[in-house]
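Residues per chain, in single letters:
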Amino acid sequence: MDGDRVEIDGGIMEGGGQILRVSTALSCLLGLPLRVHRIRAGRSQPGLRPQHLSGLEMIRNLCEGKLEGGEIGSTEITFTPGKIKGGTHIADTKTAGSVCLLMQVAMPCVLFAASPSELHLKGGTNAEMAPQIDYTVMVFKPIVEKFNFTFNCDIKKRGYYPQGGGEVVVQMSPVKELSPINLTERGTVTKIYGRAFVAGALPIKLAKDMSAAAVRCIRKEIRDLYINIQPVREPDDQAFGTGSGIIVVAETSTGCLLAGSSLGKRGKNSDKVGIEAAEILLRNLKHGGTVDDSLQDQLIIFMALAKGVSRVKSGPITLHTQTAIHFAEQLTKAKFTVTKSEEEDPSKDSYIIECQGMGMINPNL
């Protein structure tokens, strides 16, 4: 079999867990046996962490595949996929590892399963270095559903660093194929809303402070819009541990959604958390793209799988996006081009990501 194995260098470009997520999802979809070496060589603690391992194990179980080298700290795995099946699948990081990153690796696969799937994902719902679950529900979900599929995401329990303990249930039905998307018109910002949350031992005052600081910061740039950032205290039975954070979303006249978010941590002033989220949002609004920096790379695998040409206007291309494009092109027949957007306004730094998708067809439907 080894002659046909695709070799993936997990240490190039972004050099992190994303290479593993993109390549194993595509391996599973395309039935390509895979060997990934130098896993997360670009990170301070290389090799598989609990979150990556639980994602790999879920993919293996989804398609009744074979996984070798699947242990914490391993810098090399081989993966031989089988046939993708629906049903209930559980992934538990047993840490604060991000449930959203587990969702990223599994979602493309179950779209091409034989029957509906239910994914029980356990870990951190609001974790550093990953999209927060609120971002996934408020921004990622409505935009990714433009590829012509839907999913339901039920937040059973929120979990925070360091213990995790959160649980999210995702339900999806398979599709025959994905439609391409065209997100090139930003339109004008019509509303700004969000949520500032505290959980566990923290007082609601912190959420109010984060919200007020974010509003003040946005007001300096955008004066005439009503900004509604709800301060929330997560119910004790729906949150495990103590955490805080904020997400602020801007919605435009053409249905684009861009966001900024930030997490609280010990010793970090709550005003600073609110301002950080607001500044990220304002930065994303400045470049003139239709997607924010966090969504850019998450759309790449769907663009690669879709049938036809997808076009997305973004800000400067992130290293995560360049990495996702590199591995999507290596494993599929999709072709990407990135060109500087011809803007009337020279202060805008935007790009068009175009992809001729491979047109993946679900063999089970």
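Quantities reported herein were computed from a predicted structural model and do not represent experimental measurements.

Engineer: How do you make sense of empty space enclosed by the protein when you look at a structure like this?
Structural biologist: Where empty space is left becomes clear once a probe the size of a water molecule has been rolled over the atoms. Using the criterion set out here, one finds two cavities of 30 Å³ or more in the structure. Along the wall of the largest cavity there are 14 residues; nearest its centre are Gln104, Phe140, Gln298, Ile301 and Phe302. Secondary-structure elements contributing two or more residues to the lining of the largest cavity are helix H1 (17-30), helix H3 (99-110), helix H4 (133-144) and helix H7 (293-305). The residue makeup of the lining of the largest cavity, split by class, is eight nonpolar, four polar and two charged. Its boundaries defined by the atoms lining it, the second largest cavity holds a volume of some 70 Å³. If you go around the second largest cavity, the residues you meet are Leu20, Arg21, Thr24, Gln51, His52, Gly55, Leu56, Leu101, Leu102 and Val105. Secondary-structure elements contributing two or more residues to the lining of the second largest cavity are H1, helix H2 (50-62) and H3. Here the residues of the lining of the second largest cavity sort into five nonpolar, four polar and one charged.

Engineer: What exactly am I supposed to notice about the UniProt feature "binding site: ATP" (unreviewed entry) in the chain here?
Structural biologist: Per the UniProt record, "binding site: ATP" (unreviewed entry) is found at Gln104. By the secondary structure assignment, Gln104 is in helix H3. Residues within four places of Gln104 in sequence aside, it is in contact with Arg21, Pro131 and Gln298.

Engineer: It is not clear to me how the layout of surface pockets should be interpreted in this structure. Could you clarify?
Structural biologist: Of the voids in this model, the second largest pocket is the one considered here, and its volume is about 250 Å³. Lining of the second largest pocket is provided by Arg186, Gly187, Thr188, Val189, Glu221, Ile222, Leu282, Leu285, Lys286, Gly288, Ser347 and Lys348. It is helix H6 (residues 270-286) that contributes the most residues to the lining of the second largest pocket, three residues altogether. Looking at the lining of the second largest pocket residue by residue, the class counts come to four nonpolar, four polar and four charged.

Engineer: Whenever I open this one, the pattern of salt bridges confuses me. Can you help?
Structural biologist: Here the structure, examined in full by the defined rule, presents 20 salt bridges. Put simply, Glu7 and Arg35 hold a salt bridge, and the shortest N to O gap is 2.9 Å. On the criterion of sequence distance, the pair formed by Glu7 in strand E1 (residues 6-9) and Arg35 in strand E2 (residues 34-37) is long-range, its members being 28 residues apart. For Glu7, a relative accessible area of 39% translates into the label partly exposed. As a salt-bridge pair, Glu354 and Arg311 come within 2.9 Å of each other at their nearest N and O atoms. Taken together, the residues span a long stretch of sequence, with Glu354 in strand E17 (residues 351-356) and Arg311 in strand E15 (residues 309-314) at a distance of 43 residues. Looking at Arg311, the relative accessible area reads 30%, which means it is partly exposed. Sharing partners across several salt bridges, the network here consists of Asp134, Arg158, Arg195 and Glu234.

Engineer: Could you clarify how one ought to interpret the side chain of Glu234 in this entry?
Structural biologist: Of note, Glu234 is situated in the loop between strand E11 (227-233) and strand E12 (239-240). Exposure remark for Glu234: the relative accessible area of 5% places this residue in the buried category. Side chain to side chain, Glu234 and Arg158 meet in a polar contact 3.3 Å long. Those residues in contact with Glu234 that sit more than four places away from it in its chain are Arg158, Tyr160, Arg195, Phe197, Val198, Ala199 and Ala239.

Each value, and the rule that gives it
Residues numbered from 1 in each chain as written. Predicted model: local features only at pLDDT ≥ 70, side-chain atom pairs only at ≥ 80, totals over all residues. Heavy atoms only, no water. 1 Å grid on protein atoms, 1.4 Å probe; cavity = no way out; pocket = protein on both sides within 12 Å on 5 of 7 lines; lining within 4 Å. Points joined across faces, edges and corners; volume = space filled by probe spheres on them. Helix = DSSP H or I, 4+ residues; strand = E, 2+ residues; numbered from the N terminus. Nonpolar A, V, L, I, M, F, W, Y, C, P; charged D, E, K, R; others polar. UniProt positions renumbered as here; feature names shortened; annotations may be inferred. Contact = heavy atoms within 4.5 Å. Salt bridge = Lys/Arg side-chain N within 4 Å of Asp/Glu carboxyl O. Buried < 20%, exposed > 50% of the residue type's maximum accessible area, 1.4 Å probe, protein only. Polar contact = N/O pair within 3.5 Å; in protein donor to acceptor, adjacent residues only side chain to side chain.

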